[in-house]
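# Report on the structure
Letter by letter, the chains look like this.
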Amino acid sequence: MTDSLSGRIIVGLMSGTSADGIDAAVVRIEENKVELLSHRAMAYELDIRSRIFAARSDSRIRLRDLCQLCRDISLQHAVATQAAIN
């Protein structure tokens, strides 16, 4: 979303290899200046975290299970984004 012709407000999301949760940052970028507007750290639900570890350690995962996990992670990212922008 753009707040002016010269600047933008951007949400950045990340989850590290520990799979403990999601960090969400809202920043305003204008020319050579970056301003942190908001930051939220949210833990993954225990079920999602255990499925992430299972998917990483198993040599095989059913496509249905992988798709469901991706959907659930995406929904958690949406919750983190909403928390950061409010």
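Scope of this entry: the structure provided in the associated data block.

A separate point is the sheet that holds strand β1 (residues 7-14). If you trace the 3 strands from one edge of the open sheet to the other, you get β1-β2-β3, paired in antiparallel fashion. Two strands bound the open sheet, and with one partner strand each, they are β1 and β3 (33-43). Along the sheet, successive strands turn relative to each other by an average axial angle of 15 degrees, direction set aside. With 10 bridges joining them, strand β2 (residues 21-30) and β3 adopt antiparallel strand pairing. The residue of β3 that forms the bridge with Val26 is Ser38.

Right, let's talk about the environment of Leu69 for a bit. Locating Leu69 in the fold gives a position in helix α2 (residues 63-85). Along the backbone, Leu69 and Ser38 are 31 residues apart, and their C-alpha atoms lie at a distance of 27 Å. Sequence-distant contacts of Leu69, that is, excluding residues within four places in its chain, are made with Ile48, Arg51, Ile52 and Ala55.

Before going further, it helps to examine a nonpolar patch on the surface. A grouping of Ile10, Ile29 and Val34 is seen on the molecular surface, where their side chains present a nonpolar patch of about 240 Å² in accessible area. By the element assignment, Ile10 lies in strand β1.

Time to look at the nonpolar core. Nonpolar side chains in soluble globular proteins tend to be buried together. Listed in full, the 12 residues of the largest apolar core are Ile9, Ala19, Ile22, Ala24, Val26, Tyr44, Ile48, Ile52, Leu69, Ile73, Ala80 and Ala84. At the level of elements, β2, α1 (46-57) and α2 are the ones that each hand at least two residues to this core. At 4 residues, the largest contribution of residues to this core is made by α2. Residues within four places of Ala19 in sequence aside, it is in contact with Tyr44, Arg49, Ile52, Phe53 and Arg56.

Pairing geometry for β1 and β2, over 8 bridges, is antiparallel. Residue pairing for β2: Gly12 is matched across the bridge by Ala25. What sits between β1 and β2 in their antiparallel hairpin is a turn of 6 residues, with Ala19 showing a positive phi close to 55 degrees. Counted between consecutive antiparallel strands, the loop separating β2 from β3 contains 2 residues, among which Glu31 sits at a positive phi close to 45 degrees.

Calculation notes
Residues numbered from 1 in each chain as written. Predicted model: local features only at pLDDT ≥ 70, side-chain atom pairs only at ≥ 80, totals over all residues. Heavy atoms only, no water. Pairing = 2+ DSSP bridges. Helix = DSSP H or I, 4+ residues; strand = E, 2+ residues; numbered from the N terminus. Axes fitted to C-alpha atoms, helices over the stretch in contact; angles between N-to-C directions. Contact = heavy atoms within 4.5 Å. Patch = residues over 30% accessible without salt bridge, like charges linked within 9 Å, V, L, I, M, F, W, Y side chains within 5 Å. Areas by Shrake-Rupley, 256 points an atom, 1.4 Å probe, with all protein chains shown as cover. Salt bridge = Lys/Arg side-chain N within 4 Å of Asp/Glu carboxyl O. Core = buried A, V, L, I, M, F, W, Y, C linked by side-chain atoms within 4.5 Å. Buried < 20%, exposed > 50% of the residue type's maximum accessible area, 1.4 Å probe, protein only.

Read these as geometric descriptors, not functional statements.
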